[in-house]
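So the chains spell out like this:
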Amino acid sequence: MNHSRSDAGAPRKPDLPPYQVVLAETDWDSLQTAFGNGEGLPKILARLLEPDPKVQVTALSELSDLVGHQNTIYEATAPVAMYIAGILTHPAAMTLRPYRNVPIRATLLNWLVSTAYDASDEIVGRTEQYFPGFLTPGTIVAAFRDLRPMLYRAVAPFLRDSHEDVREAAVIAALIFAEHPALAEHRDHLAVHARAILDTSSDDPNRRVARKALDAWGHDVPDPEPFREEPWDWGPHSDGRGDLEPPF
């Protein structure tokens, strides 16, 4: 991971390593997943670059089972998220999903949304009430949350994407990542995108994320909507399985 410097000599924030580097230099065998170690993850991750969208979506579903089971952040979750963020610009991300004229890129972004939500301020705040020390520096969740600025920079180029599904997924991911204090300078800009979600989206979990971000950042929020009381895992979740079925 390079820490390059700007022309002015000020240190730049680290960029996301290339996905090839993440794949090759991660000691997958040593990392915990929901079902043993991560020795099988490289083959699954490689399938995300296959030209067949059903293969890609099935791979994302398998990743959800291994590194997102029961909405949990595992040791292997962070490098998997870095790999997925790293392939957002890959040509394979433009493969169209089965039965829908939507790029796989939207599904990749929604996977990042789901994972980010599991480590969001809301979820970890609730967990801290019952498990003090959950966010102690060096813990798995704390380490994943430290990656939020890097992951944000990977999704930010898609905030104004021409495809509505890609754009909305990128905005929701960015709103969750921007809970990191280092990204506070981006929040006023993101508030514009959050309002666009409230104006145009029919997705209730995404609207809820946008509303909560505006409220947390001190922006005026439209009149409350009749959201039901949600369980702990009620949020913008997608393991990709639905993308394998025709929309009825």
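Residues numbered from 1 in each chain as written. Predicted model: local features only at pLDDT ≥ 70, side-chain atom pairs only at ≥ 80, totals over all residues. Heavy atoms only, no water.

Brief notes about the overall build of the protein
Looking only at helices and strands, the protein features 11 helices and 2 strands. In the protein, the order of α-helices and β-strands from amino to carboxyl end is α-β-β-α-α-α-α-α-α-α-α-α-α. Per-residue burial over the protein gives 47% buried out of 248 residues. Of the contacts made within the protein by residues no fewer than 6 positions apart, 64% connect residues no fewer than 24 positions apart. (Helix = DSSP H or I, 4+ residues; strand = E, 2+ residues; numbered from the N terminus. Buried < 20%, exposed > 50% of the residue type's maximum accessible area, 1.4 Å probe, protein only. Contact = heavy atoms within 4.5 Å.)

Re the packing of aromatic side chains
Within the structure shown, the criterion is met by 1 aromatic pair. Judged by centre distance (5.6 Å) and plane angle (85°), the rings of Y19 and Y83 are edge-to-face. Pair noted here: Y19 is in helix α1 (residues 19–25) and Y83 is in helix α4 (residues 77–86), with a separation of 64 residues, a long-range link. Neither residue differs from the other here; Y19 and Y83 are each classed as buried. (Phe/Tyr/Trp six-rings, centres within 6.5 Å; stacked < 30°, edge-to-face > 60°.)

Examining the packing of helix α9 (residues 164–177) against helix α11 (residues 204–216)
Remark: α9 packs on α11, axes separated minimally by 10 Å, with the N-to-C direction vectors making an angle of 40°. Taken together, the axis directions place α9 and α11 in an arrangement best described as oblique. When the axes of α9 and α11 are compared, the crossing they make is left-handed. Every residue of α11 that contacts α9 at E168, I172, L175 and I176 is listed here: N206, V209, A210 and A213. Split into classes, the residues belonging to the contact of α9 with α11 amount to 6 nonpolar, 1 polar and 1 charged. (Axes fitted to C-alpha atoms, helices over the stretch in contact; angles between N-to-C directions. Parallel < 35°, antiparallel > 145°, perpendicular 65-115°, else oblique. Left-handed = near helix turned anticlockwise from the far one by under 90°. Nonpolar A, V, L, I, M, F, W, Y, C, P; charged D, E, K, R; others polar.)

As for the packing of α9 against helix α10 (residues 187–200)
α10 packs onto α9 with a crossing angle of 130° between their chain directions and a minimal axis gap of 10 Å. Judged on the interaxial angle alone, α10 and α9 are oblique. The interaxial crossing formed by α9 with α10 has left-handed handedness. The residues of α10 that touch α9, namely those facing E168, V171, I172, A174 and L175, are L190, H193, A194 and I197.

A short note on unusual backbone geometry
Residue Q70 is not a glycine yet carries a positive backbone phi of 55°. Mapped onto the elements, Q70 comes out in the loop between α3 (53–67) and α4. Backbone geometry at N71 places phi at a positive 55°, although glycine is not the residue there. Mapping N71 onto the fold places it in the loop between α3 and α4.

Looking at the pattern of salt bridges
Counting across every chain of the model gives 5 salt bridges. Residue R47 is joined to E62 by a salt bridge in which the shortest nitrogen-to-oxygen separation is 2.7 Å. With a gap of 15 residues between them, R47 in helix α2 (residues 41–47) and E62 in helix α3 connect regions that are remote in the sequence. Residue R47 is classed as partly exposed on the basis of its relative accessible area of 26%. (Salt bridge = Lys/Arg side-chain N within 4 Å of Asp/Glu carboxyl O.)

Regarding helix α8 (residues 148–155)
For α8, the tally of buried residues reaches 7 of 8 residues, placing the bulk of the element in the interior. Those residues of α8 not exposed but buried are R148, P149, M150, L151, Y152, A154 and V155. Next to the buried residues of α8 lie α4, α5 (104–118), α6 (121–130), α7 (140–145), α9 and α10.

Details of the environment of D52
Examined against the element boundaries, D52 turns out to sit in the loop between α2 and α3. Along the sequence, D52 and L96 sit 44 residues apart, while their C-alpha atoms lie 9.1 Å from each other.

These results come straight from atomic positions and should not be treated as a statement about function.
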